[in-house]
Structures are given as C-alpha cells and as structure tokens.
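Below, each chain spelled out in residue letters.
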Amino acid sequence: MTTTPDITAPDTAAPDAVTPEATIANARERIDALDDRILGLIQERMAVSAVVQQTRIASGGRRVHLAREMEILGRYRDALGKPGTTLAMTLLELCRGRI
C-alpha cells in the first residue's frame, strides 16, 4: 500500500529549507536591484526627452506635444489601469517639467 505525502504539513526532513526571513531578504534584494534599474531607465528617459524638447524648440516648435503625451498616458493606463495614468503623469512631469 502506498501513501501520498501530506502537502499541507511542513517538511521537517529538509535541513536546507529556506526560512521566510531568507525568502523576504532575497526578494527585497531583488526589488532593490529592480528599483536601481528603473531609476536608471527613468534618468535615461529624461535625457532622451530633453533632446526631443531641444530639437523641437530649435526647429520652431513647441516644447510639449500634447497628442504625444496623450498616447503615453493611454499606453500606461492600458497596461496598468488607473495607477498607470498617475505614473505616466509623474514621468511626463519629470521629463518635461510642469506645464
């Protein structure tokens, strides 16, 4: 007769089991690394946006292109819902300043 293991019982036989604290610490390290990458990407986005604005102004255009901003807002909203719109507005403000 074979028995199936109780998957709800803690596995006390595994001496190398990862503790909740270790899992949390590892996840936090990964979050910190992701945040570093996100911050770097935002800084890169700000620099690219500055080039676009300077080029637009130098060619006689306006600093801000509202139709383009609406595209960006829509993309973030579609991907992330209402908080995406807030995030996009924050990014736009960081990249082009207040209007």
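Residues numbered from 1 in each chain as written. Predicted model: local features only at pLDDT ≥ 70, side-chain atom pairs only at ≥ 80, totals over all residues. Heavy atoms only, no water.

### Looking at the overall build of the protein
Phase 1: Summing up its helical and strand segments, the protein has 3 helices and 0 strands in all.
Phase 2: Along the protein, helices and strands appear, N-terminal first, in the series α-α-α.
Phase 3: Burial analysis of the protein (99 residues in total) assigns 13% to the buried set.
Phase 4: Counting only contacts in the protein whose residues sit at least 6 apart along the sequence, the fraction spanning at least 24 positions is 46%. (Helix = DSSP H or I, 4+ residues; strand = E, 2+ residues; numbered from the N terminus. Buried < 20%, exposed > 50% of the residue type's maximum accessible area, 1.4 Å probe, protein only. Contact = heavy atoms within 4.5 Å.)

### Let's talk about the pattern of salt bridges
Pairing of side chains with opposite charge becomes possible as their charged atoms draw close.
Phase 1: For the coordinates displayed, the defined rule picks out 3 salt bridges.
Phase 2: Residues Arg68 and Glu71 are paired through a salt bridge, measuring 3.3 Å at the closest nitrogen-oxygen approach. Taken as a pair, Arg68 and Glu71 lie in helix H2 (residues 66-80) at a separation of 3 residues, close to a single helical turn.
Phase 3: We classify Arg68 as partly exposed; its relative accessible area is 37%.
Phase 4: Across the salt bridge formed by Glu69 and Arg96, the nearest N and O atoms sit 2.7 Å from each other. (Salt bridge = Lys/Arg side-chain N within 4 Å of Asp/Glu carboxyl O.)

### A few points about the environment of Arg96
Phase 1: One can find Arg96 in helix H3 (residues 82-96).
Phase 2: Each C-alpha atom of the pair Arg96 and Val52 lies 9.8 Å from the other, and the pair is 44 residues apart in sequence.

### Focus: helix H1 (residues 20-58)
Phase 1: With 39 residues, H1 should cover 57 Å at 1.5 Å per step; its first-to-last C-alpha distance of 56 Å lies within 8% of that length.
Phase 2: Remark: Gly60 follows H1 within two positions and exhibits a positive phi of approximately 90 degrees. (Expected span 1.5 Å × (residues − 1).)

### Examining the packing of H2 against H3
Phase 1: At a minimum axis separation of 7 Å, H2 and H3 run at an interaxial angle of 145 degrees. Between H2 and H3 lies a crossing whose hand is right-handed. Residue-level inspection shows Glu69, Ile72, Leu73, Tyr76, Arg77 and Leu80 of H2 in contact with H3, the latter providing Lys82, Pro83, Gly84, Thr85, Leu87, Ala88, Met89, Leu91, Leu92 and Arg96.
Phase 2: Taken together, the residues of the contact of H2 with H3 sort by class into 10 nonpolar, 2 polar and 4 charged. (Axes fitted to C-alpha atoms, helices over the stretch in contact; angles between N-to-C directions. Left-handed = near helix turned anticlockwise from the far one by under 90°. Nonpolar A, V, L, I, M, F, W, Y, C, P; charged D, E, K, R; others polar.)

### Thoughts on a negative patch on the surface
Phase 1: Together, Glu29, Asp32, Asp35 and Asp36 make up a region of like negative charge exposed at the surface.
Phase 2: Relative to the helices and strands, Glu29 resides in helix H1.
Phase 3: With relative accessibility at 55%, the residue Glu29 sits in the exposed group. (Patch = residues over 30% accessible without salt bridge, like charges linked within 9 Å, V, L, I, M, F, W, Y side chains within 5 Å. Areas by Shrake-Rupley, 256 points an atom, 1.4 Å probe, with all protein chains shown as cover. Lys, Arg positive; Asp, Glu negative; His and termini not counted. Charge placed at Lys NZ, Arg CZ, Asp CG, Glu CD.)

### So, the side chain of Gln53
Phase 1: Assignment of secondary structure puts Gln53 in helix H1.
Phase 2: Looking at Gln53, the relative accessible area reads 10%, which means it is buried.
Phase 3: At 2.8 Å, the side chain of Gln53 forms a polar contact with the backbone oxygen of Cys95. (Polar contact = N/O pair within 3.5 Å; in protein donor to acceptor, adjacent residues only side chain to side chain.)

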